[in-house]
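In case you want the letters, here they are:
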Amino acid sequence: MSPLRCSTRNDKHGPPRPGLVDTAAGANYVPRNQRQSEEGMGRVDGKVAIVTGAGQGMGAEGARLLAREGAKVVIGVRDLELGKQVGESIVESGGEATWVHLEVTDEQEWQRAVELAETRYGGLNVLVNNAGVHARGLVEETSEEVWDQLMNVNLKDAFLGTKHAVPAMRRV
C-alpha cells in the first residue's frame, strides 16, 4: 500500500481502499498524508535520507516524496545525469537534495555516500535500498553469470547499505 493513501479498513470486507474515512473519527478527520503540524512540517522534516536507484522510476519518486515531506535527500545513482535531473527537480520544488555516484556493490562508494550525508546534512536517518536489477526468462535458461549479478546487486546492495548506514544512524 502506498504511503500516500489513507485507509481505515482492513477486515473481512476486503483489502483497504484509499480515501475511506472512519466516521468515528468525526467531521474534522484529515487523512494522514494530508496532515501537517502548525509549523508546516512533513512526516520526515529535518531527517536525512539516502535513496539508491533514485535516478528514475520508484527511486526518483521516493526521493521526491521524502523531500516533499521535509527530508534532505542524497540521491545515489549510477548515472549522474539522471541523479542531477531528479535532484534539481527537488531543489526547484523547494527541497534539499544532492546526488552522488553510487555503485551499490562497491563498499568504498557506500562509505563515501554515507560520509556525504553526514558532512553535508549533519547525519543520516533514513536509508531506502531501492536499487535493483531483474532478469527476464525462465529459470532453467538463466545463466549462473546472470544469477550472480542479480544476487550481487539485489542482496549486496542491502547488506553494504545497511552495514554503513546503521552506524551513521546511531550517531544521530
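Attention in this report is confined to the structure presented alongside it. As a convention, each chain's residues are numbered from 1 in the sequence order in which they are written. The model is predicted, so local features are restricted to residues of pLDDT at least 70 and side-chain atom pairs to those at 80 or more, both for listing and for counting; the totals for chains, interfaces and linings are taken over all residues. Calculated side-chain values reflect all of the structure's heavy atoms, with hydrogen atoms and water omitted.

When DSSP finds two or more bridges between a pair of strands, those strands are recorded as paired. The helix and strand labels rest on DSSP assignments: H or I over at least four residues marks a helix, E over at least two residues marks a strand, and numbering proceeds from the N terminus. Within the open sheet, the 4 strands sit side by side as β3-β2-β1-β4. Their pairing is parallel. Two strands bound the open sheet, and with one partner strand each, they are β3 (96-101) and β4 (126-128). Within the sheet, the average angular offset between the axes of one strand and its neighbour, ignoring direction, is 20 degrees. As judged from the 5 bridges shared by strand β1 (residues 48-52) and strand β2 (residues 72-77), these two strands associate in the parallel manner. When the sheet's bridge partners are listed, valine 48 is paired in β2 with lysine 72. Note on contacts: a residue pair is in contact if any heavy atoms of the two residues lie within 4.5 Å. A fitted line through C-alpha atoms represents every axis, and for helices the fit uses only the stretch in contact; the resulting angles, taken between N-to-C directions, go from 0 to 180 degrees. Docked against the sheet, helix α1 (residues 57-68) engages β1, β2 and β4, running at close to 170 degrees with respect to β1.

The subject of this paragraph is the nonpolar core. Nonpolar side chains in soluble globular proteins tend to be buried together. In this description, a nonpolar core means a group of buried Ala, Val, Leu, Ile, Met, Phe, Trp, Tyr and Cys residues linked to one another through side-chain atoms lying within 4.5 Å. Classification of residues uses two cut-offs on accessible area relative to the type maximum, computed with a 1.4 Å probe and protein chains only: under 20% is buried, over 50% is exposed, and between them is partly exposed. If you look at the biggest cluster of nonpolar residues, it comprises 18 residues, and the most contacted ones within it are Ile50, Val74, Val104, Trp110, Ala117 and Leu124. At the level of secondary structure, the elements contributing two or more residues to this core comprise β1, α3 (107-121) and α5 (156-171). With 6 residues, α3 is the single largest residue contributor to this core. The contacts of leucine 124, once residues within four sequence positions are left out, are Val48, Ala49, Ile50, Val114, Ala117, Ala165, Ala168, Met169 and Val172. Membership of the second largest hydrophobic core comes to 15 residues, among which are Ala49, Leu66, Val73 and Val86.

With that out of the way, let us pick up the pairing of β2. Counting buried positions along β2 gives 5 out of 6 residues, so the element sits mostly inside the fold. Following the chain from β1 across α1 to the adjacent parallel β2, one finds a crossover that is right-handed. Taken together, the 6 bridges between β2 and β3 define a ladder with parallel strand orientation. Bridging across to β3, lysine 72 finds its partner in glutamate 96. Between the parallel pair β2 and β3, the chain is carried across by helix α2 (residues 80-92), and the sense of this crossover is right-handed. Place the viewer so that the strands point away; then a crossover is right-handed whenever the path from the first strand over the helix to the second strand goes clockwise.

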